[in-house]
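Below are the chains, spelled out letter by letter.
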Amino acid sequence: MTRSALEFWGHNPEPDVAYVIINQRERNVVTWDEVNEEKRETQRKHLDEIRHAPVMRISRLWVGYNPHFFFGGWFAVIENVHHSECVWGRTPILMERVMELFPITFRYGNLNEDFQMWCEAFSKTYPRGRYGGRQRGFAIVRWDGFRELALRKAASR
């Protein structure tokens, strides 16, 4: 029951009483200090989320085939205005995150072979132009620029 309702029904609550919670067996008095502390705690949590949230930027995911003998094969690149990274070989965590984001193929255990099959299936599922005589894949994702779990699907074309 709110303070104004208590006053309406003829009660004279103390100045620091904000409201009273009335259950079947007991009454709990909530003071203004408790109300304000709860508001401060909510604001602290909200500000911590804002301060520590990773900056998610709209990025492009390109998947293509390089026909050259030197570094040839399927590759994937995630790029935005601030950062670009090739997703192949040296970034196994990012390779897994990309394959989890777009679950197109089955996983067989060998990460490099799974990624090569995934790249070929991705380029057929999300086609956008040609490179090296083969279809190239393209999608829009949100990415924080690191190898963490921050890769999320935003939209695809």
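Residues numbered from 1 in each chain as written. Predicted model: local features only at pLDDT ≥ 70, side-chain atom pairs only at ≥ 80, totals over all residues. Heavy atoms only, no water.

Engineer: Got a sec to walk through the overall build of the protein chain? Specific residues and values, please.
Structural biologist: Each helix and strand counted, the protein chain has four helices and eight strands in total. Taken from the N to the C terminus, the helices and strands of the protein chain come in the order α-β-β-α-β-β-β-α-α-β-β-β. Taken across its 157 residues, the protein chain has 31% of its residues classed as buried. The contacts in the protein chain between residues at least 6 apart in sequence include a share of 37% that link residues at least 24 apart. (Helix = DSSP H or I, 4+ residues; strand = E, 2+ residues; numbered from the N terminus. Buried < 20%, exposed > 50% of the residue type's maximum accessible area, 1.4 Å probe, protein only. Contact = heavy atoms within 4.5 Å.)

Engineer: Tell me about the side chain of Ser-59, residues and numbers included.
Structural biologist: As for its placement among the helices and strands, Ser-59 is situated in strand E3 (residues 57-66). Classification of Ser-59 by relative accessible area gives buried; the value is 1%. Among the polar contacts made by the side chain of Ser-59, one reaches the side chain of Asn-80 at a distance of 3.2 Å. Those residues in contact with Ser-59 that sit more than four places away from it in its chain are Ile-78, Glu-79, Asn-80, Ala-139, Ile-140, Val-141 and Trp-143. (Polar contact = N/O pair within 3.5 Å; in protein donor to acceptor, adjacent residues only side chain to side chain.)

Engineer: Quick one: what's the story with the pattern of salt bridges, residue by residue and with numbers?
Structural biologist: For the coordinates displayed, the defined rule picks out six salt bridges. Here Arg-3 makes a salt bridge to Glu-7, at a shortest N to O gap of 3.5 Å. With Arg-3 and Glu-7 both in helix H1 (residues 3-8), this residue pair falls four residues apart, about one helical turn. Taking relative accessible area as the criterion, Arg-3 reaches 21% and is therefore assigned partly exposed. Among the residues examined, Glu-7 registers a relative accessible area of 43% and is labelled partly exposed. Of the charged contacts, one joins Glu-37 and Arg-40 as a salt bridge, the two residues approaching to 3.3 Å between their closest N and O atoms. You can see Glu-37 and its partner Arg-40 sitting in helix H2 (residues 32-52), three residues apart, about one turn around the helix. When salt bridges that share partners are traced, they join Glu-37, Arg-40, Glu-41 and Arg-44 into one network. (Salt bridge = Lys/Arg side-chain N within 4 Å of Asp/Glu carboxyl O.)

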